[in-house]
Amino acid sequence: MNPTILRAALVLGLLSAIGPFAIDMYLPALPAIGTSLGADTAQVQASLMAFMAAIAVCQLFYGPVSDMVGRKPPLYFGLALFTLGGIACAVAPSIGWLVAARFVQGIGACAAMALPRAIVRDGYTGADAAQLQSLLMLVFSVSPILAPLGGSLIVEFGDWRAIFYAVAGIGLFGILLIAFFLKETRPASARLESSVGSAIRGYGVLLRDRNFLGLSMIGAFGMSSFMAYLANSSFVLIDHYGLNPTQYSIMFSINAISFIGVSQLTGLLTRRYGLNAVVRTAVSGFIVVMVALALVFALGVDRLDVLAVLLFVGYGFLGLVIPTTAVLALEEHGAIAGTASALMGTLQLVTAAVVMGVVGSFFDGTAKPMVLGIAACAVIAFVLTRLTIKRTPAPLAAAAE
């Protein structure tokens with residue numbers, strides 16, 4: 001394997017994981033935060049939604065700015081703000097303060113989540129880009145695997161506020177990572193045509209590109225299915241099924257391992273069958289498993305083992321969908337990769353925030369609303385795939401010969 005790709009995956013994966021780490025690490029503490037600040041479930045979930053909303057909106061600014069000034073300056077600014085936001089969360093005296101501080105933290109985290117996709121597109125396309133995206137996800141997996149475990153240990157032996165001090169330290173680590181290990185991939189010569197006007201025109205081009213929008217929204221509803229699980233799983237697994245924070249973290253990590261592990265097949269499968277074929281097949285498997293899960297719970301079965309097994313299989317299929325749709329969506333927009341990556345991220349996270357809000361409004365203390373929401377996302381992703389990807393071109397490796 002190309003050592004340059006491996007190094008890029010390590011650095012970009014760690015940067016990409018910083019924002020999700022700030023989400024996953026405090027999930028086991030959500031019930032404790034509610035008790036400490038006298039907040040109900042909806043108010044505590046608002047701190048998560050504020051973080052997600054900030055990331056969704058601010059990508060629209062980070063992307064074009066990175067096209068104009070390069071990728072590294074916005075990353076420095078974002079991670080500095082992320083660190084300050086983490087400290088503000090740690091000293092929050094009320095739920096309102098915490099929600100506001102999480103919004104500020106999300107503005108900062110946005111840079112590290114949005115720009116790595118653009119950096120990948122700066123140097124790679126096709127199967128190499130798909131392989132790098134999947135490797136990036138492998139490194140990225142430290143977040144959903146280690147973060148909940150770390151958060152649960154902190155809650156077990158200390159106070160939930162310590163989680164946010166730890167998150168602030170991770171922000172400082174990200175700044176050092178950028179300074180010493182990340183090269184600028186958007187040289188001055190590539191920025192000559194970038195301006196506020198070109199950014200506005202770029203967004204216009206993207207919003208008229210049905211292929212870009214369709215692929216972005218396939219990824220959006222795939223991501224939303226996971227976000228619906230993320231926002232509700234701690235309440236379902238801890239309060240409904242009686243798991244302790246450590247047990248919850250282990251189950252959360254198992255689903256993440258499925259998602260990340262299967263994604264590592266992306267490079268091999270796309271070289272053999274083509275990106276389009278991989279997306280169509282993976283989305284088909286995803287809908288079959290998630291609809292089966294919804295039917296089981298709709299018929300009155302409420303078992304943790306059934307939930308765990310079917311989510312494990314379903315999120316394995318999703319691990320092939322997310323990186324491939326991202327590569328396909330950015331393939332034709334290298335000149336405005338930052339802008340395209342930003343719009344794709346905004347569409348995906350706004351969709352996820354809406355889905356989380358809708359699913360949360362039906363929360364009844366059981367797993368059923370969460371499961372039905374996940375299945376609905378799978379159905380929409382399947383329909384969008386059939387409308388967007390209507391034919392399968394030759395595999396990339398063959399096309400290059």
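Everything below is about the structure printed above this text.
Along each chain, residues carry numbers from 1 onward, in the same order as the chain's sequence is written. Only residues with pLDDT of at least 70 are given local features in this predicted model, and only at 80 or more are side-chain atom pairs given and counted; all residues enter the totals for whole chains, interfaces and linings. For the side-chain quantities, the full set of heavy atoms in the structure was used; hydrogens and water were omitted.

The helix and strand inventory of the protein chain stands at 17 helices and zero strands. With the C-alpha coordinates aligned to their principal axes, the bounding extent of the protein chain is approximately 55 × 45 × 40 Å. Burial analysis of the protein chain (401 residues in total) assigns 57% to the buried set. Long-range contacts, defined here as pairs at least 24 residues apart, represent 87% of the contacts in the protein chain between residues at least 6 apart. A run of DSSP states H or I qualifies as a helix once it reaches four residues; a run of E qualifies as a strand once it reaches two. Both are numbered from the N-terminal end. Under the scheme applied here, a residue whose accessible area is under 20% of the maximum for its type counts as buried, over 50% as exposed, and between as partly exposed, the area being computed with a 1.4 Å probe on protein chains only. By definition in these notes, contact holds between two residues if any of their heavy atoms fall within 4.5 Å.

A contiguous nonpolar surface patch, about 480 Å² in accessible area, is contributed by Ile250, Ile254, Val309, Phe312, Val313 and Phe317. Going through the elements one at a time, α11 (245-263) and α14 (304-330) are the ones with two or more residues in the nonpolar patch. Taking the relative accessible area as the measure of exposure, phenylalanine 312 reaches 36% and is therefore partly exposed. Note that patches include only residues with greater than 30% relative accessible area and no salt bridge, and the join distances are 9 Å for like charges and 5 Å for nonpolar side chains (Val, Leu, Ile, Met, Phe, Trp, Tyr). All accessible-area figures derive from a Shrake-Rupley calculation using a 1.4 Å probe, and residue coverage is judged against the displayed protein chains alone. For this analysis, a salt bridge means a side-chain nitrogen from Lys or Arg found within 4 Å of a carboxyl oxygen belonging to Asp or Glu.

Below, the discussion takes up the nonpolar core. We define a nonpolar core as any set of buried Ala, Val, Leu, Ile, Met, Phe, Trp, Tyr and Cys residues linked to one another through side-chain atoms lying within 4.5 Å. Counting 124 residues, the largest nonpolar core has Leu98, Tyr229, Leu237, Leu307 and Tyr315 as its most contacted members. It is helix α10 (residues 210-240) that provides the largest number of residues to this core, a total of 17 residues. Leave out the neighbours within four places in its chain, and leucine 98 touches Ile33, Leu37, Ser47, Cys89, Ala92, Trp160 and Phe164.

The tally for this structure, following the rule as stated, stands at four salt bridges. In this structure, arginine 71 engages aspartate 122 in a salt bridge whose closest nitrogen and oxygen atoms are separated by 2.9 Å. Here the residue arginine 71 occupies a position in the loop between α3 (41-69) and α4 (72-90), and aspartate 122 occupies one in helix α5 (residues 95-123), the gap between them amounting to 51 residues. According to the relative accessible area criterion, aspartate 122 is partly exposed, its value standing at 25%. Across the salt bridge formed by arginine 161 and aspartate 159, the nearest N and O atoms sit 3.9 Å from each other. The class for arginine 161 is partly exposed, based on a relative accessible area of 23%.

Okay, the environment of alanine 39 next. Here alanine 39 is to be found in the loop between α2 (30-37) and α3. Judged by its relative accessible area of 13%, alanine 39 falls in the buried class. With 56 residues separating them along the chain, alanine 39 and isoleucine 95 place their C-alpha atoms 6.6 Å apart. Alanine 39 has contacts with Gly34, Val44 and Ile95, leaving out every residue within four places of it along the chain.

Right, let's talk about the packing of α10 against helix α16 (residues 368-388) for a bit. Axis definition: a line fit to C-alpha positions, over the contact stretch in the case of helices; interaxial angles, taken between N-to-C directions, run 0 to 180 degrees. Interhelical geometry of α10 versus α16 gives an angle of 170 degrees and a closest axis separation of 9 Å. It follows from the interaxial angle that α10 and α16 lie roughly antiparallel. The class makeup of the residues in the contact of α10 with α16 is 13 nonpolar, eight polar and no charged. Here roughly perpendicular refers to angles of 65 to 115 degrees, roughly parallel to angles under 35, roughly antiparallel to angles over 145, and oblique to all remaining angles. Side-chain classes follow a simple rule in which Ala, Val, Leu, Ile, Met, Phe, Trp, Tyr, Cys and Pro form the nonpolar group, Asp, Glu, Lys and Arg form the charged group, and the remainder, Gly included, forms the polar group.

What follows concerns the packing of aromatic side chains. When the centres of two rings from Phe, Tyr and Trp lie within 6.5 Å, Trp using its six-membered ring, the rings pair. Their planes under 30 degrees apart give stacked, over 60 give edge-to-face, and anything left gives tilted. Applying the stated criterion across every chain, the model contains six aromatic pairs. Between phenylalanine 226 and tyrosine 315, the ring centres sit 5.1 Å apart and the planes meet at 75 degrees, which makes this aromatic pair edge-to-face. Taken together, the positions of phenylalanine 226 in helix α10 and tyrosine 315 in helix α14 put the pair 89 residues apart, joining distant regions of the chain. For tyrosine 315, a relative accessible area of 0% gives the class buried. On the basis of an interplanar angle of 50 degrees and a centroid distance of 6.0 Å, the ring pair of tyrosine 229 and tyrosine 315 is categorised as tilted.

Right, let's get into helix α9 (residues 196-207). Expected helix span is given by 1.5 Å per residue-to-residue step, counting one fewer step than there are residues. Taking 1.5 Å of rise per residue, the 12 residues of α9 would be expected to cover 16 Å, and the 17 Å separating its terminal C-alpha atoms lies within 8% of that figure. Every buried residue belonging to α9 is among Ser198, Ala199, Gly202, Tyr203, Gly204 and Leu206, and all of these are buried. Contacts made by the buried residues of α9 are with α3, α10 and α15 (337-361).

Moving on, we come to the environment of phenylalanine 259. Within the element layout of this structure, phenylalanine 259 appears in helix α11. Note: C-alpha distance between phenylalanine 259 and leucine 318 (59 residues apart in sequence) is 6.4 Å.

So, on to the side chain of serine 47. Along the chain, serine 47 falls in helix α3. Classification of serine 47 by relative accessible area gives buried; the value is 0%.

A few words on the packing of α3 against α4. Packing of α3 against α4 brings their axes to within 8 Å, and their N-to-C directions diverge by 135 degrees. Compared by their axis directions, α3 and α4 come out oblique. Contacts from Tyr62, Val65, Ser66 and Val69 of α3 reach α4 at Pro73, Pro74, Phe77 and Gly78. Per-class residue counts for the contact of α3 with α4 are six nonpolar, two polar and no charged.

Our next topic: the side chain of histidine 333. Along the chain, the position of histidine 333 falls in the loop between α14 and α15. Assessed through its relative accessible area of 9%, histidine 333 is described here as buried. With residues up to four places along the chain from it excluded, the contact list for histidine 333 reads Val205, Leu206, Asp209, Phe212 and Ala340.

Another aspect to go through is the environment of threonine 366. With respect to the secondary-structure elements, threonine 366 resides in the loop between α15 and α16. Discounting chain neighbours no more than four positions away, the residues touching threonine 366 are Val236 and His240. Residues adjacent in sequence count toward polar contacts only when both atoms are side-chain atoms; beyond that, a polar contact is any pair of N or O atoms within 3.5 Å, and within protein one must be able to donate a hydrogen and the other to accept it. Within the structure, the side chain of threonine 366 is placed 3.4 Å from the backbone nitrogen of lysine 368, a separation counted as a polar contact.

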